[in-house]
Amino acid sequence: MLKSERRDSSAGEDKEEARDVAMTDQRLQDLGYRAEFRREMSLFGVLGISFCAIGILTGMSSAFQTGLFSGGPVGLFWGWNICSFFMFLIALSLAEICSTYPTMGGLYFWVCKMKPDMPILGFFTGWLYSMAMVFTGISGNLSVALYLASMAEVGQGRTLTRVEITAIAWAMNIFSGIINTIGTKAIGRMSTFNVWWTLGGTFVLAVTLLVKAPVKNSPDFVFTNFQNFTGWESRGFVVLLGFLQAVYTLEGCETAAQVAEEAVRAEILAPLAVVGSIAGSWLIGLVYMLSLLFAVQNIASVQATTFAIPISQLFYDSVGPQLAQLCLAVVTLAQVMAAITNFTASSRLFYALARDNAFPLKKQFMTLNRFQAPYWGVWTSVLIGCIISCAYIGSAVAFNAILSSAATSVMLSYLQPIIIRVFWPNCIEDFGPFCLRKWSWPVNFASFSFCVFICILFVLPTAYPVNVFNMNYSIVAVGGLLVIITINWFWWGKHSFKGPVKTFA
């Protein structure tokens, strides 16, 4: 009797899932695309993709010194909450569009659909955002190498050379390619695991720091102390520079859209993942940041560190060498998963662009292997990563300039669909189930204003006096990237790309 009931229950669940898959595929067909991927991702898997891309432990750890030296604790605390609020508004704006157009093209496809009379906007958005995802993945893989280098310094007192660090970054690029080649199931399971790793890792790090730190800072220090290692005299400007740490950490919520064609009921799950990942990261990041601020022993020591990653000095001073390695190991594994996810996003973007004749070698980039992975896009990301990683051997300044452009490029990519929603509010006629209704325009306008503000802030000098070593070269890198995309548009793009190409009539 029990076995019969279980069979009936299982059969009912299978029928319901099949019905959901059919509904989701029909929505994709209504947008003009045939379903090519198996829908094997759950809400937790899609949410995990965005959590992986945001990488709250990794982003906070890698960029913590930016806020610590530009405003100190008071700037970090208020900057985190202010930026998290506006990034949440951006997530709401993107989620509304994502629910309407749940396809893996994400930002690129949304721009094309909302402004079909200007294909150049979609072309620029697609290329800019795909390169940003590749660069972010490269940055993540180098960060893994730097964390491992810091562990070697903390544990063995051995300083790795730039060549050794680059070799590790190469290995990580290749490893990211292998994992992504395995396909959707592996990425889905990894992203689900990442959610639990982020939650558990935050708990472990917070408890370790707060229990083992020899001196606990007072609430007065954590919420009011101001620090300035930038050379700028304006306190307000210095605090604003610290905002960059929060924005850099919180970018990536939109990555859920890149796997929308691999999820059941994507019009619901993808926007929920976009918004939920920011809301969760806001809270988790606040807990982690406060534990760091209560535990930091000497800010000047962190500023003068010789370790490859400055956060290593904070761990070392607060909990000692052995537990510092544990803290670094927790962050390193999170960084590995985050970097893998960025190549997941870039490979799907290459697929979407090729499908619409916005990327060369259409047949190759649309080919899926037996694991349902667009492996040409995966290994193109790996190849670009290995080439750019070599720049680190010659000049860390040049390498950082290339990678700093990724954060700016992501914000510029966010700006494209939001601008359209602000100035052409009637560009969407039939909204998806996630709809902001009367709040749509105010939320989009606030998101637009914040994006413009941050894009300007991202290219301003972060130190004074400005010299060739501390110059913010991101404007040069972003400008160079835009020039390349412009040349590509006039040379090739405008002749081949006319907008999304229907694969299902």
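Residues numbered from 1 in each chain as written. Predicted model: local features only at pLDDT ≥ 70, side-chain atom pairs only at ≥ 80, totals over all residues. Heavy atoms only, no water.

Caption draft 1: Local environment of the packing of aromatic side chains. On inspection of all chains with the given rule, the structure shows 22 aromatic pairs. Centroid distance Trp232 to Tyr464: 4.9 Å. Interplanar angle 40°. Geometry classified as tilted. Note that Trp232 is positioned in the loop between helix H9 (219–224) and helix H10 (235–250) and Tyr464 in the loop between helix H18 (440–458) and helix H19 (474–496), a separation of 232 residues in sequence. Ring pairing ties together the aromatic residues Tyr108, Phe123, Trp127, Phe350, Phe359, Phe365, Trp376, Trp489 and Phe497, which thus form one cluster. Over the aromatic face of Trp424 sits the side chain of Lys115, whose NZ or CZ is 4.3 Å from the ring centroid. Looking at Arg162, its charged tip hangs above the ring of Tyr392, at a distance of 5.9 Å from the centre. (Phe/Tyr/Trp six-rings, centres within 6.5 Å; stacked < 30°, edge-to-face > 60°. Helix = DSSP H or I, 4+ residues; strand = E, 2+ residues; numbered from the N terminus. Lys NZ or Arg CZ within 6 Å of the ring centre and 35° of its normal.)

Caption draft 2: Here's a closer look at empty space enclosed by the protein. Tallying each qualifying case throughout the model produces 1 cavity of 30 Å³ or more. Its boundaries defined by the atoms lining it, the largest cavity holds a volume of some 40 Å³. If you list the elements that add at least two residues to the lining of the largest cavity, you get helix H2 (43–54), helix H3 (56–69) and helix H8 (184–212). In terms of residue count, H3 provides more of the lining of the largest cavity than any other element does, 3 residues in total. For the lining of the largest cavity, the per-class residue count stands at 5 nonpolar, 4 polar and no charged. (1 Å grid on protein atoms, 1.4 Å probe; cavity = no way out; pocket = protein on both sides within 12 Å on 5 of 7 lines; lining within 4 Å. Points joined across faces, edges and corners; volume = space filled by probe spheres on them. Nonpolar A, V, L, I, M, F, W, Y, C, P; charged D, E, K, R; others polar.)

Caption draft 3: Seen up close, the packing of H2 against helix H13 (residues 311–355). The N-to-C vectors of H2 and H13 enclose an angle of 110°; their axes lie 7 Å apart at closest approach. Overall, the two elements H2 and H13 adopt an arrangement that is roughly perpendicular. Both H2 and H13 take part in a crossing whose hand is left-handed. Listed contacts from H13 to Ile49, Cys52 and Ala53 of H2 are Met337, Ala338 and Thr341. (Axes fitted to C-alpha atoms, helices over the stretch in contact; angles between N-to-C directions. Parallel < 35°, antiparallel > 145°, perpendicular 65-115°, else oblique. Left-handed = near helix turned anticlockwise from the far one by under 90°. Contact = heavy atoms within 4.5 Å.)

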